[in-house]
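# Per-entry structural report
Each chain is listed here by its residues.
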Amino acid sequence: MTIAKAAVTTIRNPVLPGFHPDPSILRVGADYYIATSTFEWYPGVRIHHSTDLVDWRPLGGVLTERRLLDLTGTADSCGVWAPNLTYAHGLFHLLYTDVATFAGGYWDPQNYLVTAPSMAGPWSDPVVLHGRGFDASLFHDEDGTTWMLSMRADWRPGRNRFAGISIQRYDHRTRRLVGPEHVIFEGTDAGLTEAPNIYRKDDWYYLVTAEGGTTLTHQVTVARSRRLFGPYTVDPAGPTLTSAGRPDLALQKAGHGSLVQTPDGEWYLAHLVARPYAPSGRCVLGRETALQKVDWPTDGWPRIPDGIPAEEIPAPAGVPASPPPASPASFGSLADDHFDTPVLCPDWSTLRRPATPDWVDLTSRPSYLRIHGGQSPMARHRPSLVARRVTDSRCTFEATVEFVPRNFRQLAGITAYYNSRNWYYLHMTADDDGRPVLDVLCCDSGRVAAAPGLRIPLDVRRVGLRARLDGPALTFAYQTTPGSWHELGRTFDATTLSDEYAVTLVPGEPEAWGFTGAFVGLWVQDLGAEGGYADFDRAVYTTG
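Residues numbered from 1 in each chain as written. Predicted model: local features only at pLDDT ≥ 70, side-chain atom pairs only at ≥ 80, totals over all residues. Heavy atoms only, no water.

### A short note on the overall build of the chain
Formally: Secondary structure elements are taken from DSSP: a helix is a run of H or I of four residues or more, a strand is a run of E of two residues or more, and numbering for both begins at the N terminus. We call two residues in contact whenever any of their non-hydrogen atoms come within 4.5 Å of each other. Note on charges: Lys and Arg go in the positive column, Asp and Glu in the negative column, and His and the chain ends are not counted at all. By convention, the point assigned to a charge is CZ for Arg, NZ for Lys, CD for Glu and CG for Asp.
On a plain count of helices and strands, the chain comes out with one helix and 42 strands. Considered along the principal axes of its C-alpha atoms, the chain spans approximately 75 × 70 × 45 Å. Considering only residue pairs separated by 6 or more positions, the chain has 57% of its internal contacts joining residues 24 or more positions apart. Looking at charge distribution, the chain has the averaged site of its 49 positive side-chain charges lying 2 Å from that of its 60 negative ones.

This is the structure we're talking about:
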């Protein structure tokens, strides 16, 4: 007797928890893909796959090598912004921006395009496109033409830095932009108009943008026109989606959306959200990806119930019940990673340099991850940090490290990390007499200090290390014998690992911004370039 599976009826948000902002959603046949921003982290442009919009499997990232992306020296929250994923002419098209700076009102946003016959690649060498603005996208019209959109950046003092949405034709045969640039939309009074996407439906061109800035005032704005170049009329009902003015909502910062249609004609909006630990508070998990069901009647405007982000929404009709799709066996499992595979599993990321064998070594010692030490935590060229996103407000990260430091210039351990200016580091190093010690370093807005009273002498080379996040509280523990954990007895402020805390403003301009989210990971420094490395045997991440 065959028992039919019950249909899945709901999608729970966020569908991609933790640092997964600026989603670009795409369906090709029965497969859905979401591409998200990665900023200073490799692999660049993180991809998730689903067949039902309910369960999502990480595929890793697209930009895995310096041929495709060079993040050497990239500043915090610069690098890869707002990718756009489309499919046309038998190819996947990935458009992404590499932002160089915040200083003085400049962004230096260089746009690139890579293509591939499948999501597995191979991906072409990047095509260099314009640098006029970020949040670029491609629109493939019904007549076979392709158009590139982006926000239009204006660096001039006293001008609107977000000077509208521009469009220019892209010739896929010559792989270059052709013809004049057209400004098609200047935004609404909400300001900060960015993240354009165009969709054609019922002989209308619908322009979906983000406005209000990627904070608590974020929103999705929709305008439409009968002609590609406009003029575009804004939806008279106001924002299609926002959580502004609703501190009671669990999902805040709702905005930056892209649309997808199911094979049965249903519509969904992928967009970013954030979950503050207190109303209007700090968002340690960063900006995450959520989905909303869209009602889109013929010749009408797209509508989301109440225009606000919901934590639970209807799944597409007829989705069968099934367990979440497993990651490919060749990648291993990060929930309890024994480092038994020749490559890192797709939930690991590396900071500012790809995971190449010269510093990320999974073969020299079987079932161990050997990390060769890099530069200091403040350096932006050769850090040696392998980390994963924090996806839950309550979670535990454990790792076992074997390390013989030669001197105080060699350090290895685990970190709770936001950016180069905000982190905590439980590590082994050597004292002046060469004896191994365990210590905690704290970096708050660029100021580094040792946590007082926590320096512990060690007489072993193999140590278990643990970080526990319980909402705003961060604690550390260690063990020198299996099963016997010793708490360090101090609670640290986890909310310093947040977008909001990272922001530094000078009059009229951001000096530093916060666009990422908290990570936990494995960190090794060899400040004297003396060949130091550490071996990690197992890393475990659990939630709750």
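### Details of the nonpolar core
Here is a general trend for soluble globular proteins: nonpolar side chains tend to be buried in one another's company. In plain terms, the rule: In this description, a nonpolar core means a group of buried Ala, Val, Leu, Ile, Met, Phe, Trp, Tyr and Cys residues linked to one another through side-chain atoms lying within 4.5 Å. Note on classification: 1.4 Å probe, protein chains only; a residue is buried when its accessible area is under 20% of the maximum for its type, exposed when over 50%, partly exposed between these limits.
Counting residues in hydrophobic clusters, the biggest one holds 52 residues, and the most contacted among them are Leu369, Leu522 and Phe536. Apart from the residues lying within four places of it in its own chain, the contact partners of leucine 369 are Phe339, Leu344, Val360, Asp361, Leu362, Val386, Leu522, Ala534, Asp535 and Phe536. Counting 37 residues, the second-largest nonpolar core is a separate cluster that includes Ala75, Met151, Ala387 and Trp423.

### With respect to the environment of alanine 416
Examined against the element boundaries, alanine 416 turns out to sit in strand β30 (residues 410-419). Here alanine 416 falls in the buried class, since its relative accessible area comes to 0%. Considered as a pair, alanine 416 and leucine 522 are 106 residues apart in the sequence and their alpha carbons are 9.3 Å apart. Dropping the residues within four chain positions of it, alanine 416 is found in contact with Trp423, Tyr424, Leu474, Leu497, Phe519 and Val520.

### Topic: the sheet that holds strand β22 (residues 287-294)
Two orientations exist for strands paired in a sheet by backbone hydrogen bonds: parallel and antiparallel. Basically, it comes down to this: Paired strands, as defined in this entry, are two strands with at least two bridges between them according to DSSP. Each axis is a line fitted through C-alpha atoms, and for a helix only the stretch in contact is used; angles between axes span 0 to 180 degrees, taken between their N-to-C directions.
Overall, antiparallel pairing links the three strands, which are arranged β20-β21-β22 in an open sheet. This sheet does not close on itself; its edge strands, each paired only once, are β20 (252-261) and β22. For this sheet the average axis-to-axis angle between neighbouring strands, irrespective of direction, equals 25°. For β20 and strand β21 (residues 267-274), the ladder comprises six bridges, and the chain directions are antiparallel. By the bridge assignment, glutamine 261 is partnered in β21 with tryptophan 267.

### Quick look at the sheet that holds strand β6 (residues 57-63)
Strand order across the open sheet formed by four strands is β2-β3-β5-β6, with antiparallel pairing between neighbours. The sheet terminates laterally at β2 (24-28) and β6, the two strands that pair on one side only. If you compare each strand with its neighbour and ignore which way they point, the axes differ by 25° on average. Pairing geometry for β2 and strand β3 (residues 31-36), over five bridges, is antiparallel. Across the sheet, residue valine 28 finds its bridge partner in β3, namely aspartate 31.

### Re the side chain of threonine 145
Rule in force here: Distance and chemistry together define a polar contact, namely a pair of N or O atoms within 3.5 Å, with one atom able to donate a hydrogen and the other to accept it when in protein, and with adjacent residues in sequence counting only for side-chain atoms on both sides.
Positionally, threonine 145 belongs in the loop between β11 (137-140) and β12 (146-153). Separated by 2.6 Å, the side chains of threonine 145 and aspartate 143 make a polar contact. Looking at threonine 145, its side chain comes within polar contact range of the side chain of tryptophan 147, at 2.9 Å. Excluding its chain neighbours within four sequence positions, the residues that come into contact with threonine 145 are Phe139, His140 and Arg169.

### Let's talk about unusual backbone geometry
For the bond running from glycine 121 to proline 122, omega is 0°, close enough to zero to count as cis. Mapping proline 122 onto the fold places it in the loop between β9 (109-116) and β10 (127-128). Glycine 230 connects to proline 231 through a cis peptide bond whose omega is 10°. Of note in the backbone geometry, phenylalanine 39 takes a positive phi value of approximately 55° without being a glycine.

### Here's the deal with the pattern of salt bridges
To keep things clear, this is the line we draw: Should a side-chain nitrogen of Lys or Arg be within 4 Å of a carboxyl oxygen of Asp or Glu, the pair is scored as a salt bridge.
The full count for this structure, using the stated rule, is 31 salt bridges. The salt bridge partner of arginine 365 is aspartate 535, with a shortest N-O separation of 3.0 Å. Separated by 170 residues along the polypeptide, arginine 365 in the loop between β26 (360-361) and β27 (369-372) and aspartate 535 in strand β42 (residues 533-543) bring together distant segments of the chain. Across the pair aspartate 535 and arginine 370 runs a salt bridge whose closest N-O atoms are separated by 2.7 Å. A residue pair is termed long-range when its members are at least 10 positions apart, and aspartate 535 in strand β42 and arginine 370 in strand β27 qualify at 165 residues. As far as burial versus exposure is concerned, aspartate 535 and arginine 370 are alike and both buried.

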